[in-house]
Amino acid sequence: MNFKYAFYCSGSAARVIKFYNSNKLLDFPAEFVYYDGGRDDVITRLADIFGPDRVIVPSAEHVNANKVLSKTVNQELLSNLNSNKVDYLFCFGDKILKPLLVDAYKNRIINFHPSILPAFPGLNAIDQALSTSVQLLGNTAHFIDKGIDTGPIILQSVISRSNFKNYDSVLDLQIGMLEKIWVWLETDMITMDEGRVIIRELTTEKSFYSS
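Structural notes, computed from the coordinates. Going along each chain's sequence as written, the residues are numbered from 1 onward. Per-residue local features are limited, in this predicted model, to residues with pLDDT of at least 70; the limit for side-chain atom pairs, both in listing and counting, is 80 or more; totals at the level of whole chains, interfaces and linings are taken over all residues. Note that the side-chain values use all heavy atoms of the structure and ignore hydrogens as well as water.

## With respect to unusual backbone geometry
- Backbone torsion omega between L117 and P118 reads 15°, so that peptide bond is classified as cis.
- Along the chain, the position of P118 falls in the loop between β5 (109-113) and α5 (125-130).
- Positive phi outside glycine occurs at D149, with the angle close to 60°.
- One can find D149 in the loop between β6 (136-143) and β7 (153-160).
- Under the relative-accessibility criterion, D149 is labelled buried at 16%.
- Non-glycine residue D188 carries a positive phi angle of around 60°.
- Helix and strand labels come from DSSP, where a helix needs a run of H or I of at least four residues and a strand needs a run of E of at least two; each type is numbered from the N terminus. Along the chain, D188 falls in the loop between α7 (173-186) and β8 (190-193).
- Relative accessible area decides the class of each residue, using a 1.4 Å probe on protein chains only: under 20% of the type maximum gives buried, over 50% gives exposed, and in between gives partly exposed. Residue D188 is classed as partly exposed on the basis of its relative accessible area, which comes to 36%.

## Quick look at the nonpolar core
- What is meant by a nonpolar core is a set of buried Ala, Val, Leu, Ile, Met, Phe, Trp, Tyr and Cys residues, joined one to another through side-chain atoms within 4.5 Å. Among the nonpolar cores identified, the biggest contains 38 residues, and F7, L46, F90 and I181 are the most heavily contacted of them.
- The contact definition used throughout considers only heavy atoms, calling two residues in contact when any of these lie within 4.5 Å. In this structure I181 touches F90, I110, F112, A141, I154, L155 and I190, once residues within four positions along its chain are discounted.
- By size, the runner-up hydrophobic cluster in this structure holds 18 residues, among which are V73, L77, L78 and L97.

Rendered as structure tokens:
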């Protein structure tokens, strides 16, 4: 299909960096990465992967500490999506996107959340799960809507609590999820039906997998 893709990430951007440690940019090209984590070492690493011209960093004054992207940052991100004619945004960021951006890119922003939704939405999802007696931990990739982790689910992954060693035990499953979803998009396998995601022609692949 030759869609155009971009990333939004925060913190250490570890999943994006690890994805490209094992995949070539040529095979999974991205128009840009929007990074609001404020870490120079991460910016340098992202620039090594994507090239400095494709790493966009908002001004610190526009990055709110309350986990909501400011109006200015939302507008800047949307402007870059539009000017680069991006089809899909992969979201590994830790801040909430405003309706301005969500409406403009309905069913085109894919978030990776570290729980098996609808259980444990919101912040600190792994800690939420560990504070209960659940025996399964995992991740959910979903389209972003105006709610908090309530959008249509695309793919989930799961790990047994007994196999949990640290946060990366859960979070690193997102790397394989990203690759699978990318391939599904490029082969036109993802469609919507009455608000639900349908993976067309899904045979040997599973939309829920374990580790």
